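For reference, the chains in residue letters:
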Amino acid sequence: MQSFALVKYLSNLGYDASLIRYIKRPERESSLHKFFRWLKIVSPKRIKAAMEYRKFHKIMAANQKQHPRYFDLFRDEYLPMTPQIYDQQSIFSDTPQFDAYICGSDQIWGEADAVFMLQFAPKDALRLSYAASMGGAQLKGDEKAKFSDYLSTFNFVSLREQEAVDFCKQLGRNDAVLVPDPTLLLDREEYTALYRESNPSNPSKHSKGYILLYLLGNKIGVDVDEIYAYAEQRNLEVIYVASQGRTDSHEKNFPTIQEWLSLIDNATCVFTNSFHGTVFCLLFNTPFLTLPVTGVFSRMNVRIQGLLKHYSMEGRILHHDLTEADSPCDFSMFNRQRVEDELYVKQLLRRALHSDM
């Protein structure tokens, strides 16, 4: 949805925008290189994080095979893309030709990756980041120095979290700015059109209201059984969509992108630990309660905290118990601010894209 939103937004502004198809392939490592790489993470906390990360990816791969979500079909239909799929080598040796290159969004700057920092782009082309995220990562030593070198080649730097903006300013990019996630640049109607186009009548499959439970695999500080009990007390169904390695004994739904959008838009309330689950609740003005993640991935909460603070909606983050979801959800500040933010971004991008063209 981030790719769709940014390409769509740029197209709405009159630019010929395309997505560069890129797959980061695993690099072949010698046994000695693997040994030294693992030495870097030899601490109980980091080993635990690495094991959880591998576990998530294994479960995700199995889920995707068993329950296809048809993301490829969505991309083929709605995203103009390069015919070629590039990897770490071909993107440098056979670079796709554009006047400007934009990287972002999501957690692409958690490390100093040459491709995600557009080092393959020709020297005379514009390099821009849009809402790049560091996901709370703390770069140090050689990685920080490399990141600084790559950052100096950009014509325009924008990020999704204030902490990342501050970090880039420490590295000399005093022009770094905070911008909203690309999904927030489009109006609600541009998303509802997606699911109404695929299902024009949009018949409701649910005779009564429902809670959409949308959870990533990261741990949360509340048991899923408590959410089901909360729903039962209020005579609501629970539609449970799990992602990124989430496993438990409850029945799951595996919607397409269009169905996922419809589920959020028509829910009585949404419980989620997802940044973009929260974003689309805001866009659809659907009441929600965001459940912070716990454990080794708790640093990811900074994204959602910053997002909701910007719209004066920090009260939609779970602090004590699920009854906090019963309080009215006031979207008036968000609705006003989103329009102002979009106009601000439009000016920034037009200025950046025409600076040297």
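Basis of the calculations
Residues numbered from 1 in each chain as written. Predicted model: local features only at pLDDT ≥ 70, side-chain atom pairs only at ≥ 80, totals over all residues. Heavy atoms only, no water. Helix = DSSP H or I, 4+ residues; strand = E, 2+ residues; numbered from the N terminus. Buried < 20%, exposed > 50% of the residue type's maximum accessible area, 1.4 Å probe, protein only. Contact = heavy atoms within 4.5 Å. Areas by Shrake-Rupley, 256 points an atom, 1.4 Å probe, with all protein chains shown as cover. Core = buried A, V, L, I, M, F, W, Y, C linked by side-chain atoms within 4.5 Å. Phe/Tyr/Trp six-rings, centres within 6.5 Å; stacked < 30°, edge-to-face > 60°. Lys NZ or Arg CZ within 6 Å of the ring centre and 35° of its normal. Axes fitted to C-alpha atoms, helices over the stretch in contact; angles between N-to-C directions. Left-handed = near helix turned anticlockwise from the far one by under 90°. Nonpolar A, V, L, I, M, F, W, Y, C, P; charged D, E, K, R; others polar.

### So, the overall build of the protein
Scanning the protein from N- to C-terminus turns up 13 helices and 10 strands. Buried positions account for 48% of the 357 residues belonging to the protein. Taking the intrachain contacts of the protein between residues at least 6 apart in sequence as the baseline, contacts between residues at least 24 apart amount to 73%. Carbon and sulfur atoms make up 51% of the accessible area of the protein, which amounts to about 18,800 Å² in all.

### Considering the nonpolar core
The biggest cluster of nonpolar side chains holds 59 residues, and the ones touching the most others in it are Tyr191, Leu212, Phe280, Leu282, Phe288 and Met313. Ranked by residue count, the leading element in this core is helix H11 (residues 275-284), at seven residues. Beyond its immediate sequence surroundings of up to four residues, Leu212 is in contact with Ile239, Val241, Leu263, Ile264, Ala267, Cys269, Val270 and Phe271. Counting 29 residues, the second-largest nonpolar core is a separate cluster that includes Ile108, Leu139, Tyr150 and Cys168.

### Concerning the packing of aromatic side chains
A complete count under the given rule lists 18 aromatic pairs for this structure. Ring geometry for Phe4 and Tyr191: centres 6.4 Å apart, planes at 55 degrees, overall tilted. Of this pair, Phe4 sits in helix H1 (residues 2-12) while Tyr191 sits in helix H8 (residues 188-198), and the two are 187 residues apart along the sequence. Residue Phe4 is classed as buried on the basis of its relative accessible area of 4%. A residue is classified by how much of its surface remains accessible, and Tyr191, at 0% relative accessible area, is buried. Between Phe288 and Phe331, the aromatic rings sit 6.4 Å apart at their centres with planes inclined by 40 degrees, giving tilted as the arrangement. With Phe288 in strand S10 (residues 288-290) and Phe331 in the loop between helix H12 (301-310) and helix H13 (332-353), this residue pair connects regions lying 43 residues apart in the sequence. Each member of the pair, Phe288 together with Phe331, is buried. An aromatic cluster is present here, built from Phe4, Phe74, Tyr78, Tyr191, Tyr214, Trp260, Phe280 and Phe284 joined pairwise through their rings. One Lys or Arg, Arg160, reaches over the ring of Phe275 and ends 4.3 Å from the middle of that ring.

### Digging into the packing of H1 against H8
Between H1 and H8, the least distance of the axes is 12 Å, while the angle of their chain directions is 115 degrees. Every pair of crossing elements has a handedness; the one defined by H1 and H8 is right-handed. For the pair formed by H1 and H8, the contact residues are Phe4, Ala5, Lys8 and Asn12 on the first element and Glu190, Tyr191 and Leu194 on the second. Looking at the contact of H1 with H8 residue by residue, the classes come out as four nonpolar, one polar and two charged.

By themselves, these are just geometric observations and shouldn't be taken as functional.
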